[in-house]
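Results of the structural survey
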Amino acid sequence: MTHDAAIPGRRVTLDLRRPVLHLIPGVRPTIVIDGRGQPAQWGVGTWLVPADEAVEITVFLFNRLWRFGEARVVLLPADTRLAYRAPLVPIGPGRILVTSG
């Protein structure tokens, strides 16, 4: 039996922001960290990632009809904060930025 506390990691903070003019009802964000999808909520959340490795983080949005707003970034070991901005309309990509490291 393994314990998660034994795995070295770092906390990454991700701020998931809706567009200022919210035209898309019922949309939920999903975070994918190194291929593992995790449902998320709008606002600020934290995730545990490996401390000494670069990790790929993807954010996309979905509603009952389609998936859209995908944005992807490779997070380096020194980076700890990200911000995602959803697109205004349900076409095109979102935007994800490393806000501090």
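No experiment lies behind these values; they were computed from the predicted model shown. (Residues numbered from 1 in each chain as written. Predicted model: local features only at pLDDT ≥ 70, side-chain atom pairs only at ≥ 80, totals over all residues. Heavy atoms only, no water.)

1. With respect to the pairing of strand β5 (residues 55-62)
Short version of the rule: Here's how the labels work: a residue is buried when its accessible area is under 20% of the maximum for its type, exposed when over 50%, partly exposed in between, all with a 1.4 Å probe on protein chains only. Helix and strand definitions here come from DSSP, where helices need a minimum of 4 consecutive H or I residues and strands a minimum of 2 consecutive E residues; each element is numbered from the N-terminal end. Strands qualify as paired when DSSP identifies two bridges or more between them.
Of all 8 residues making up β5, 6 are buried, and the element is well covered by its neighbours. Bridge analysis of strand β2 (residues 28-33) against β5 gives 6 bridges, and the strand direction is antiparallel. Opposite R28, over in β5, you have F62 as the bridge partner. The hairpin formed by β5 and strand β6 (residues 67-75) contains 4 residues between the paired strands.

2. A look at the sheet that holds β2
Filter applied, for reference: Interaxial angles span 0 to 180 degrees and are taken between N-to-C directions of axes, which are lines fitted to C-alpha atoms, for helices over the stretch in contact.
Ordered in space as β3-β2-β5-β6, the 4 strands form an open sheet in which the pairing is antiparallel. The two strands at the open ends of the sheet, each matched to only one other strand, are β3 (36-39) and β6. For this sheet, the mean inter-axis angle between neighbouring strands, taken without regard to orientation, is 20°. As paired strands, β5 and β6 are joined by 7 bridges and run antiparallel to one another. Opposite T58, over in β6, you have R72 as the bridge partner.

3. Focus: the confidence of the model for the chain
This is how it is decided: Values of pLDDT, ranging from 0 to 100, describe the predictor's confidence in every residue of the model.
Looking at the chain, pLDDT values average 85 and 88% of them are 70 or higher. The least confident element of the chain, judged by mean pLDDT, is strand β8 (residues 95-100) at 87; the most confident is strand β7 (residues 81-85) at 94.

4. Describing the packing of aromatic side chains
Formally: Centres within 6.5 Å make a pair out of two Phe, Tyr or Trp rings, where for Trp the six-membered ring is used; the pair is then stacked when the planes are under 30 degrees apart, edge-to-face when over 60, and tilted otherwise. Lysine and arginine charges are scored as sitting over a ring when NZ or CZ, respectively, is within 6 Å of the ring centre and within 35 degrees of the ring normal.
Going through the model one piece at a time under the given rule, you end up with 1 aromatic pair. Where W66 meets F68, the ring centres are 6.2 Å apart and the plane angle is 45°; that geometry is what we call tilted. The partly exposed category is assigned to W66, whose relative accessible area is 36%. With a relative accessible area of 6%, F68 lands in the buried category. Of note, R67 hangs over the ring of F60, and the distance from its end group to the ring centre comes to 3.7 Å.

5. Looking at the nonpolar core
Formally: Note on terminology: a nonpolar core comprises buried Ala, Val, Leu, Ile, Met, Phe, Trp, Tyr and Cys residues joined through side-chain atoms within 4.5 Å. When checking whether two residues touch, look at their non-hydrogen atoms; a contact exists if any pair is within 4.5 Å.
Membership of the largest hydrophobic core comes to 22 residues, with the highest contact counts inside it found for L14, L16, I31, I57, L82, Y84 and I96. Sorting the residues of this core by element identifies β1 (9-17), β2, β4 (43-50), β5, β6 and β7 as the ones contributing at least two each. Discounting residues that sit within four places of it in the chain, L82 has contacts with V12, T13, L14, D15, I57, V73, L75, I96, L97, V98 and T99.

6. Notes on the side chain of T30
With respect to the element layout, T30 can be found in strand β2. Residue T30 is classed as buried on the basis of its relative accessible area of 10%. If near-sequence neighbours (up to four positions away) are discounted, T30 is found in contact with Q38, T58, V59, F60 and F62.

7. So, unusual backbone geometry
Positioned with a positive phi, D34 is a non-glycine residue whose angle comes to about 50°. The partly exposed category is assigned to D34, whose relative accessible area is 44%.

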